[in-house]
Amino acid sequence: MSEILIKEYRGNIVENVHRGSIAVVSSTGDTIAYLGDIEKQTFMRSASKPIQVLPTLLAGLHRRFNLTEENVAMFNSSHWGSSHHIFVLEEISRKTGIDPEDMIMKPCGSTSASALAMKLTDQSRLHPRDGKSKLQHCCSGKHFSLMLLQRELTGKVDGYEQKDSPVQRQIINFISMLSQTPTFKIGLGIDGCGVPVFALPLRSIAMSYAKLMDPFSLSNELRETIDYNFSCIHKYPEKINDYGTPSYYINQNPDLIMKDGSRGVICMAIKSMKLGIAVKLEDGWTDEFQGLIIANILEQLKYEDTDLIEKLKNCYTTKLYNDCGIEVGHSEVDFKLTIDHTFFEKPEEYVDSDLEDLDADSDMDADDMKDYDPDADSAFVEDEEDADTETDTEIDPFPDLWGEREESSDNPGAAAINIGTLGNGTPNKDMPNKDMLGRDVSGKDVPGKDVPGKAVPSKDASGNAITPNKDKTDEKAKSLSPEEERAIRNKKSILGMTVVRPSTNRTVISNPLVDPISAKPKVETTGSAPAAAETTSGSGQAVANENAQTATYTSFSADASALTQISGHREIKSANIISQKKRDE
């Protein structure tokens, strides 16, 4: 169940509490931290906007209509309808030729004139527009993006709000791909602005933001599109909400991204830590508490930008005033995440104190070290007294892997590794009579070749064995790959203990690049697959056969498909997302 995130005090007594859940997920799908019920189905609301804009950008429509980075930032926004927002929206309308009156929502006033705006600590740069209009709606930027793509695909903007429209089919595929959630598990509803809204587990929402900030497994084109979209947000952070809001301060930092949604949804990601974060307040009362909640999460995740954290704590006033203007209480954050602390652990490294301990344990003293000649050609140097009576041999760390072993003529007792022969005794023509140090089997260095390393004594002066290549072993222990580090962390991951059990119904996502505008107007088939296209009488429509195994295309009505013959309108290609069916099907 959900946990308390915020407490509201009147005097010194808690009057109200606000409960919620928090999921912190890595880009590889590991649950790093959590609070409450992170498997609860949650509507993304406007937090899905940085995903919804991707099909439009991949289609290159921002370039075709010469839209600026500021224009693109507005596609992601839940703006407050200030004058600087309306100016950019009117510019988008002029460039694209889309009439704001074709948007499906009703006119409204500016959020920057609302009671929420009055709770901002910095209200100096809020300039609301008078009256009401559709452009003042917080989602008008997103609607421009949807209408652009709908017009590109069908020739008209009508129907962009329908869940089975080409635009909405593209968007749900992107959400499925980034959240690693099969489409049949994504719930649908109608958002406040009239378009479809998507519901999925809170943990999956966090996963989608982690993938946005660290799209390592996606195609180059999609990664470049995501990076470009985020760069627009980072350059114009005031376009996402307004000046002085939590998102304004967070999106100034190129290492972070944040987008909120109505009714208690907050989503953000940390690039340097490869983490996605999703928050949901049960009562939907979140806006004035956004800064407090995010600041507390960043502190618990040991994020180092302390200046940003302080700004977030003071975005909105935490003081409670009565109708007489007298301070009578305050609000404060009160939650502690369950964190997988192995995520913050670095691989064990040798430090100076470790080396001192090794030296203290060694029996080889300074006098012994004087007798060791690192430049000697022989495999080892012995005391003169023992030279005639004792023969030392090197230890082979790779037995039976390099072929036959032969004795060196210069050192009869030492077994040199001869890679001049293969494991079955067959001569190796590429490297005849060479050992792994680049020497011939006589033990002499090959002329003109650098010897990669000299052998060390196999015994010290006291007769104790010395492990060869210990320095190399220590060096290898220091330089673990990211995959090895992740494996170490996951051994104790809370994912396998107390949080979320891996689902037996795995989702396989292939072809992560969803190209909404395919340059190929024809469907090609190979092998014995059924015919993938037929010509519809009177329209010239190419309809993809749903049974074709080699290509999947989205079918259109005859009227819409006729527009594919018009310059600039081409057939779209739906996402290739394969989801395992439910067990009961």
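Residues numbered from 1 in each chain as written. Predicted model: local features only at pLDDT ≥ 70, side-chain atom pairs only at ≥ 80, totals over all residues. Heavy atoms only, no water.

Student: Residue-level account of the overall build of the protein, with values.
Tutor: For the protein, the helix and strand inventory stands at 18 helices and 16 strands. Counting across all 585 residues of the protein, residues that qualify as buried make up 46%. Summarising the internal contacts of the protein: among those between residues at least 6 apart in sequence, 65% fall at separations of at least 24. (Helix = DSSP H or I, 4+ residues; strand = E, 2+ residues; numbered from the N terminus. Buried < 20%, exposed > 50% of the residue type's maximum accessible area, 1.4 Å probe, protein only. Contact = heavy atoms within 4.5 Å.)

Student: Talk me through the packing of aromatic side chains; I want residue IDs and the actual numbers.
Tutor: Enumeration over the complete set of coordinates arrives at 3 aromatic pairs. When the ring of Tyr243 is compared with that of Tyr248, the centres are 5.4 Å apart and the planes differ by 65°; the resulting orientation is edge-to-face. Classification of Tyr248 by relative accessible area gives buried; the value is 9%. Put simply, the rings of Tyr243, Tyr248 and Tyr249 pair up and form one aromatic cluster. The ring centre of Phe344 lies 5.0 Å from the NZ or CZ of Lys302, which sits over that ring. (Phe/Tyr/Trp six-rings, centres within 6.5 Å; stacked < 30°, edge-to-face > 60°. Lys NZ or Arg CZ within 6 Å of the ring centre and 35° of its normal.)

Student: So what's going on with the side chain of His62? Which residues, and what values?
Tutor: Inspection of the secondary structure assignment puts His62 in helix H3 (residues 61–64). Note on His62: relative accessible area 7%, which makes it buried. Contacts of His62, omitting those with residues within four sequence positions, involve Leu57, Leu67, Val72 and Tyr228.

Student: So what's going on with the confidence of the model for the protein? Which residues, and what values?
Tutor: Averaged over every residue, the pLDDT of the protein is 73; residues scoring 70 or more account for 59%. Of all the helices and strands in the protein, strand E16 (residues 577–579) carries the lowest mean pLDDT, 34, while helix H4 (residues 69–75) carries the highest, 97. Every residue in residues 428–432 is under pLDDT 50, and counting partners more than four places away or in other chains gives 7 contacts. Here residues 441–457 is modelled with pLDDT under 50, and outside its nearest four sequence neighbours on either side it reaches 36 contacts, counting other chains as well. (pLDDT = per-residue confidence, 0-100.)

Student: Now, about the sheet that holds strand E5 (residues 187–190): what can you tell me, with residues and values included?
Tutor: Overall, antiparallel pairing links the 3 strands, which are arranged E4-E6-E5 in an open sheet. Only two strands of the sheet have a single neighbouring strand rather than two, namely strand E4 (41–43) and E5. Strand-to-strand twist in this sheet, taken as the mean axis angle between neighbours without regard to direction, amounts to 35°. As paired strands, E5 and strand E6 (residues 196–201) are joined by 4 bridges and run antiparallel to one another. The partner of Ile190 across the bridge, within E6, is Pro196. Across the sheet, helix H8 (residues 166–179) lies against E5 and E6, angled at about 20° from E6, the strand it touches most. Each of E4 and E6 is contacted by helix H9 (residues 202–213), which is oriented at about 105° to E6, the strand it contacts most. (Pairing = 2+ DSSP bridges. Axes fitted to C-alpha atoms, helices over the stretch in contact; angles between N-to-C directions.)

Student: Describe helix H12 (residues 290–300), naming the residues involved and giving the relevant values.
Tutor: For an α-helix, 3.6 residues make a turn, and residues three or four places apart therefore share a direction. Judged by how many residues are buried, H12 sits mostly within the fold: 10 of 11 residues are covered. Three or more residues of H12 are buried, namely Gln290, Gly291, Leu292, Ile293, Ile294, Ala295, Asn296, Ile297, Leu298 and Gln300. Among the residues trailing H12, Lys302 stands out with phi positive, at a value near 65°.

Student: Please give an account of the pairing of strand E1 (residues 3–10) that cites residues and values.
Tutor: Here E1 pairs with strand E2 (residues 13–26) via 7 bridges, running antiparallel. Paired with Ile4 across the strands is Arg19, a residue of E2. Linking E1 to E2, which pair antiparallel, is a turn of 2 residues; within it Gly11 sits at a positive phi near 70°. Where E1 and strand E11 (residues 327–333) come together, 5 bridges link them in antiparallel fashion. Each residue of the ladder has a partner; that of Lys7, found in E11, is Glu332.

Student: Please set out the packing of helix H7 (residues 140–154) against H8 residue by residue, giving values where relevant.
Tutor: Packing of H7 against H8 brings their axes to within 8 Å, and their N-to-C directions diverge by 120°. Contact residues: H7 offers Leu146, Leu149, Gln150, Leu153 and Thr154, while H8 offers Pro166, Val167, Gln168 and Ile171. Residues belonging to the contact of H7 with H8 are distributed by class as follows: 6 nonpolar, 3 polar and no charged. (Nonpolar A, V, L, I, M, F, W, Y, C, P; charged D, E, K, R; others polar.)

Student: Run through a negative patch on the surface, naming residues and quoting values.
Tutor: A surface patch of like charges, here negative, comprises Asp99, Glu101, Asp102 and Asp158. Mapped onto the fold, Asp102 is located in the loop between helix H5 (83–96) and helix H6 (115–118). By relative accessible area, Asp102 is classed as partly exposed at 41%. (Patch = residues over 30% accessible without salt bridge, like charges linked within 9 Å, V, L, I, M, F, W, Y side chains within 5 Å. Areas by Shrake-Rupley, 256 points an atom, 1.4 Å probe, with all protein chains shown as cover. Salt bridge = Lys/Arg side-chain N within 4 Å of Asp/Glu carboxyl O. Lys, Arg positive; Asp, Glu negative; His and termini not counted. Charge placed at Lys NZ, Arg CZ, Asp CG, Glu CD.)

Student: Kindly report on unusual backbone geometry, identifying the contributing residues and their values.
Tutor: Phi is positive for Arg45, which is not a glycine, with a value near 50°. For Arg45, the location among the structural elements is in the loop between E4 and helix H1 (49–52). Located in the positive-phi region is Gln180, a residue other than glycine, with phi close to 55°. In this fold, Gln180 is placed in the loop between H8 and E5.

Student: Report on the side chain of Lys49, specifying residues and quantitative values.
Tutor: Structurally, the position occupied by Lys49 is in helix H1. Look at Lys49: it is buried, it has no salt bridge, and the nearest opposite charge is Asp191 at 7.0 Å. Residues in contact with Lys49, not counting those within four places in the same chain, are Phe75, Asn76, Ser77, Ser78, Cys138, Cys139, Lys142 and Lys259.

Student: Just give me the short version of the pairing of strand E3 (residues 31–35), but keep the residues and values in it.
Tutor: Of all 5 residues in E3, 5 are buried, a share of seventy percent or more. Both E2 and E3 contribute to a ladder of 4 bridges, which runs antiparallel. Pairing of Ala23 across the sheet is with Tyr34, part of E3. Taking the residues that link successive antiparallel strands as the turn, the E2-E3 hairpin has 4 residues, and the phi of Gly29 there is positive, at about 95°. Where E3 and strand E12 (residues 338–339) come together, 2 bridges link them in antiparallel fashion. The partner of Ala33 across the bridge, within E12, is Ile339.

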